[in-house]
Amino acid sequence: MELRLYDTLSREKRAFVPLDPRNVRMYVCGPTVYDFAHIGNARPVIVFDVLFRLLRHLYGEAHVKYVRNITDVDDKINDRAARDFPGLPLNEAIRKVTEQTGKQFHADVDALGALRPSVEPRATEHIGEMREIIERLVKGGFAYVAEDHVLFSPQAMNAANSTLPRYGALSKRSLDEMIAGARVDVAPYKRDATDFVLWKPSKPGEPSWPSPSGIKAEGRPGWHVECSAMAWKHLGEHFDIHGGGIDLVFPHHENEVAQTCCAFHRERMANYWMHNGFLQVESEKMSKSLGNFITIHELLADWPGEVLRLNMLKTHYRSPIDWTMKSLEESAKTLDDWYRVAADVAPGKPAASVVDPLLDDLNTPLAIAALHGLRSSDVPALAGSLRLLGFLSESAAQWEGRKQQASGVDAKEVEGLIAERTAARSRKDFKESDRIRDLLAAMGVAIKDSKDGTTWEFSR
Ligand code: AMP
Ligand code: ZN
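Given the structure is predicted, the values throughout are model-derived calculations rather than measurements. (Residues numbered from 1 in each chain as written. Chains lettered and ligands numbered in written order. Predicted model: local features only at pLDDT ≥ 70, side-chain atom pairs only at ≥ 80, totals over all residues. Heavy atoms only, no water.)

1. Brief notes about unusual backbone geometry
Alright, step 1. Cis geometry is adopted by the peptide bond preceding P251, which originates at F250 and carries an omega value of 0 degrees.
Alright, step 2. For P251, the position within the fold is in helix α8 (residues 249–264).
Alright, step 3. Not every positive phi belongs to a glycine, and L362 is a case in point at roughly 55 degrees.
Alright, step 4. Looking at where L362 falls in the secondary structure, it is placed in the loop between α12 (352–359) and α13 (364–377).
Alright, step 5. For L362, a relative accessible area of 2% puts it in the buried group.
Alright, step 6. Although it is not a glycine, K428 sits at a positive phi angle of roughly 65 degrees.
Alright, step 7. Looking at the secondary structure, you find K428 in the loop between α16 (411–426) and α17 (430–442). (Helix = DSSP H or I, 4+ residues; strand = E, 2+ residues; numbered from the N terminus. Buried < 20%, exposed > 50% of the residue type's maximum accessible area, 1.4 Å probe, protein only.)

2. Re the coordination of the zinc ion (ligand 2)
Alright, step 1. Protein-derived coordination of the zinc ion (ligand 2) comes from C29 (SG), C227 (SG), H252 (NE2) and E256 (OE), at a distance range of 2.0 to 2.7 Å.
Alright, step 2. Here the donor residues for the zinc ion (ligand 2) map to a single chain with the spacing C-x197-C-x24-H-x3-E. Taken together, the positions of C29 in the loop between β3 (24–28) and α1 (39–59) and H252 in helix α8 put the pair 223 residues apart, joining distant regions of the chain. One exposure class covers both C29 and H252, and it is buried. (Donors = N, O, S within 2.8 Å, 3.2 Å for Na, K, Ca; no water.)

3. Examining the nonpolar core
Most often, soluble globular proteins have nonpolar side chains that are buried together.
Alright, step 1. By size, the foremost hydrophobic cluster in this structure holds 71 residues, and its most contacted members are I39, L51, I241, W323, V354 and L371.
Alright, step 2. Three or more residues apiece are contributed to this core by two domains, here domain 1 (4–279) and domain 2 (302–399).
Alright, step 3. The residues touching I39, leaving out its near neighbours within four places in the chain, are L279, M286, I294, T295, I296, L299, M312 and W323.
Alright, step 4. If you look at the next biggest cluster of nonpolar residues, it comprises 45 residues, including V150, L170, F239 and W273. (Core = buried A, V, L, I, M, F, W, Y, C linked by side-chain atoms within 4.5 Å. Domains from an automatic or database assignment. Contact = heavy atoms within 4.5 Å.)

4. Observations concerning the sheet that holds strand β10 (residues 270–276)
Alright, step 1. The strand order across the open sheet formed by four strands is β4-β3-β9-β10, and the pairing between neighbours is parallel. At either margin of the open sheet sits one strand with a lone partner, and together these are β4 (64–68) and β10. Across this sheet, the average inter-strand angle for adjacent strands is 20 degrees, counted without regard to direction.
Alright, step 2. Along the sheet, helix α7 (residues 223–235) makes contact with β3, β4 and β9 (239–245), crossing β3 at roughly 160 degrees. (Pairing = 2+ DSSP bridges. Axes fitted to C-alpha atoms, helices over the stretch in contact; angles between N-to-C directions.)

5. Let's talk about the site of ligand 1
Alright, step 1. Not every one of the 13 residues close to ligand 1 is listed here, only the nearest: G40, N41, G245, D247 and L279.
Alright, step 2. About the coverage of ligand 1: the protein hides 85% of its 480 Å² of free accessible area.
Alright, step 3. Here ligand 1 is seated within the largest pocket.
Alright, step 4. Secondary structure elements with two or more residues in the shell around ligand 1: α1 and β9.
Alright, step 5. Ranked by the residues each element gives to the shell around ligand 1, the list is headed by α1, at three residues.
Alright, step 6. Tallied by class, residues from the shell around ligand 1 come to four nonpolar, eight polar and one charged. (Near = heavy atom within 4 Å. Areas by Shrake-Rupley, 256 points an atom, 1.4 Å probe, with all protein chains shown as cover. 1 Å grid on protein atoms, 1.4 Å probe; cavity = no way out; pocket = protein on both sides within 12 Å on 5 of 7 lines; lining within 4 Å. Sits in = over half its atoms within 2 Å of the grid points. Nonpolar A, V, L, I, M, F, W, Y, C, P; charged D, E, K, R; others polar.)

6. Considering the layout of surface pockets
Alright, step 1. The volume enclosed by the largest pocket comes to roughly 1000 Å³.
Alright, step 2. H38, G40, N41, D247 and F278 are, among the 39 residues lining the largest pocket, the residues nearest its centre.
Alright, step 3. When residues of the lining of the largest pocket are traced back to their parent elements, those giving at least two are α1, α3 (90–111), α7 and β11 (279–281).
Alright, step 4. Of all the elements, α1 adds the most residues to the lining of the largest pocket, at five residues.
Alright, step 5. Counted by class, the lining of the largest pocket contains 17 nonpolar, 14 polar and eight charged residues.
Alright, step 6. Of the voids in this model, the second largest pocket is the one considered here, and its volume is about 720 Å³.
Alright, step 7. Lining the second largest pocket we find 31 residues, and of these K190, D195, F196, V197 and H224 sit closest to its centre.
Alright, step 8. Of all the secondary structure elements, the ones that give two or more residues to the lining of the second largest pocket are α2 (75–84), α6 (175–181), β7 (196–201), β8 (219–221), α7 and α8.
Alright, step 9. Here the lining of the second largest pocket is composed, by residue class, of 14 nonpolar, six polar and 11 charged. (Points joined across faces, edges and corners; volume = space filled by probe spheres on them.)

This is the structure in structure tokens:
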């Protein structure tokens, strides 16, 4: 079976044909590092990690390059830095915020079983590439300088008589509609309402870099050009896959395509545009004001990362996902079982029944259904398939031990209570034996009596 991927640009599932099978290239928009990442942010991390693993499986580990950037220039970072470190010079405070948040992000995504991308470029380390793209755009007549800003003109792009894509093609919006719908209070330095910022002046104290030619004052880049620059530097002018959440299609990805294609006179930036659907929590949009905003970090205090991972993959990546406690509990039970039967087994080859659905535009729900089937028919294939999907990073004993640690009771205490219960039962003190059983249940310990004695496990 061949790999087929849904492409947002052509609105269809197409066979995946890499530009160079010895160097398959994927770019995914990464986090803006100013706070703990929330569980919605975990979705692209997990989804594109599965794709990364699948591509490595198909083309070989050495032949896949995955770039996920870190956005470390942003107003939200500046605000946070000023708030958290009021005594420090802003630049130093910003460094503290981005360092801290970057570390937290890595700890979170490592726990989710996501492989580190091949490269994690930082925006602040690619200002030179951004400047070069901007200067090319000005030279080509696609951008202009006004009041120390550089602005990109989608109208100039669509007026160009060339093989460039149309502005609006990715998000399926017409420029006329965008013009009609533009806000009335357009910044005075913009020629047209649809123009977007490539470069802007920095306020005093804010991070700043030498500006593109034509601007004396120092300034800083707009968000969209950051990704065009980092993708270009690490993957070239044209590459295979570009991914991110569905909210990024417009304007972020539309603008990335415009910048890259106009700067390099290309018909395409990426051959496949992939977008994950949105995540909501218990049927509500996640937001700080609703009080249902959950960070990955908070969830990891209660659940192993692989439980969050499985829970995410039970829904197809393009569908919306409703994140619920009930579903998390089920995912935890499933993983407990898979760890018990498969974690210590020598893994076999991943089963076709699991790989085939993945090849069909990452149909993870179907792949997971197949895993349940393998549970009773082929445990080595179950183990191999689970590993392909990024599960079973621990032994069964480690998994069980972590649950015990998380529940805060130690095995000795449990064994002691079970011995007391056995004694109570043998003297027919059923009131006492029931009391101990309930106590164990309250600790999250389930017990099972058989003729060989009493066994127990954490049921969470
Ligand atoms: P941000 O830091 O907001 O730019 O988001 C980083 C990544 O997370 C982007 O790919 C977003 O599309 C994605 N993302 C943000 N919120 C959600 C959500 N609720 N559900 C799914 N993906 C999200
Ligand atoms: Zn981006």
